[in-house]
Amino acid sequence: PLPQEEREPFVVQIDASGAVYVEDVPVPPGDLAARLAAVAAERREDRVYLRADRGLDYGRVMAVMAALQTGGFRSIALVTEPGAAEAPGTPAEDGG
């Protein structure tokens, strides 16, 4: 394995539909735990960046975080993506 300072950050992404990608590769829900465990065996000391669409259900994000922890990752940094409701140029409702 490469020394830690030479490795790319490990990124897990959840898109707006709830699909999970490990290092930009889509992973079927039933394969997520095995894929994460395989990566953790190689990169246990690394931080994982969890990038999730803002519009996602909180429970979906928590389920992926639980899978990361079960897979052996202990340092999880959350990164959010803007949801459609917060897109630049979208007028805010004034309520009246």
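Reading guide: rules and limits
Residues numbered from 1 in each chain as written. Predicted model: local features only at pLDDT ≥ 70, side-chain atom pairs only at ≥ 80, totals over all residues. Heavy atoms only, no water. Helix = DSSP H or I, 4+ residues; strand = E, 2+ residues; numbered from the N terminus. Expected span 1.5 Å × (residues − 1). Buried < 20%, exposed > 50% of the residue type's maximum accessible area, 1.4 Å probe, protein only. Arc of directions from axis to C-beta. Polar contact = N/O pair within 3.5 Å; in protein donor to acceptor, adjacent residues only side chain to side chain. Salt bridge = Lys/Arg side-chain N within 4 Å of Asp/Glu carboxyl O. Contact = heavy atoms within 4.5 Å. Core = buried A, V, L, I, M, F, W, Y, C linked by side-chain atoms within 4.5 Å.

## So, helix 2 (residues 58–70)
Here comes step 1: Between the first and last C-alpha of helix 2 there are 18 Å, a value that for 13 residues agrees with the 18 Å anticipated at 1.5 Å per step.
Here comes step 2: Of all the positions in helix 2, only Val61, Val64, Met65, Ala67 and Leu68 are classed as buried. Taken end-on, helix 2 shows its buried residues confined to a sector of 155°, consistent with a single buried face. Facing away from the buried side of helix 2 by over 90 degrees, the exposed positions are Tyr58 and Thr70.
Here comes step 3: The opening residue of helix 2, the one whose side-chain oxygen lies 3.0 Å from the backbone nitrogen of glycine 59, is aspartate 57.
Here comes step 4: Remark: glycine 72 follows helix 2 within two positions and exhibits a positive phi of approximately 115°.

## What about the pattern of salt bridges?
Side-chain pairs of opposite charge can arise whenever the charged atoms involved come near each other.
Here comes step 1: Inspection of every chain in the model, using the stated rule, returns 1 salt bridge.
Here comes step 2: Between arginine 35 and glutamate 23 there is a salt bridge, and its shortest N-O distance comes to 3.8 Å. With arginine 35 in helix 1 (residues 32–43) and glutamate 23 in the loop between strand 2 (20–22) and strand 3 (25–27), this residue pair connects regions lying 12 residues apart in the sequence.
Here comes step 3: Judged by its relative accessible area of 32%, arginine 35 is partly exposed.

## As for helix 1
Here comes step 1: Look at helix 1: 16 Å from first C-alpha to last across 12 residues, which is about the 16 Å you get at 1.5 Å a residue.
Here comes step 2: The set of residues buried in helix 1 consists of Leu32, Leu36, Val39, Ala40 and Arg43. Projected down its long axis, helix 1 carries its buried residues within an arc of 105°, all on one side. Facing away from the buried surface of helix 1 by more than 90 degrees, the exposed residues are Ala34, Ala41 and Glu42.
Here comes step 3: Buried positions along helix 1 lie against strand 1 (10–14), strand 2, strand 3 and helix 2.

## Some details on the nonpolar core
As a rule of thumb, nonpolar side chains are buried together in soluble globular proteins.
Here comes step 1: Among the nonpolar cores identified, the biggest contains 20 residues, and Phe10, Val12, Ile14, Val22, Leu36, Leu50 and Leu68 are the most heavily contacted of them.
Here comes step 2: The set of elements that each furnish at least two residues to this core consists of strand 1, strand 2, helix 1, strand 4 (48–53) and helix 2.
Here comes step 3: For this core, the element with the most residues is helix 2, which contributes 5 residues.

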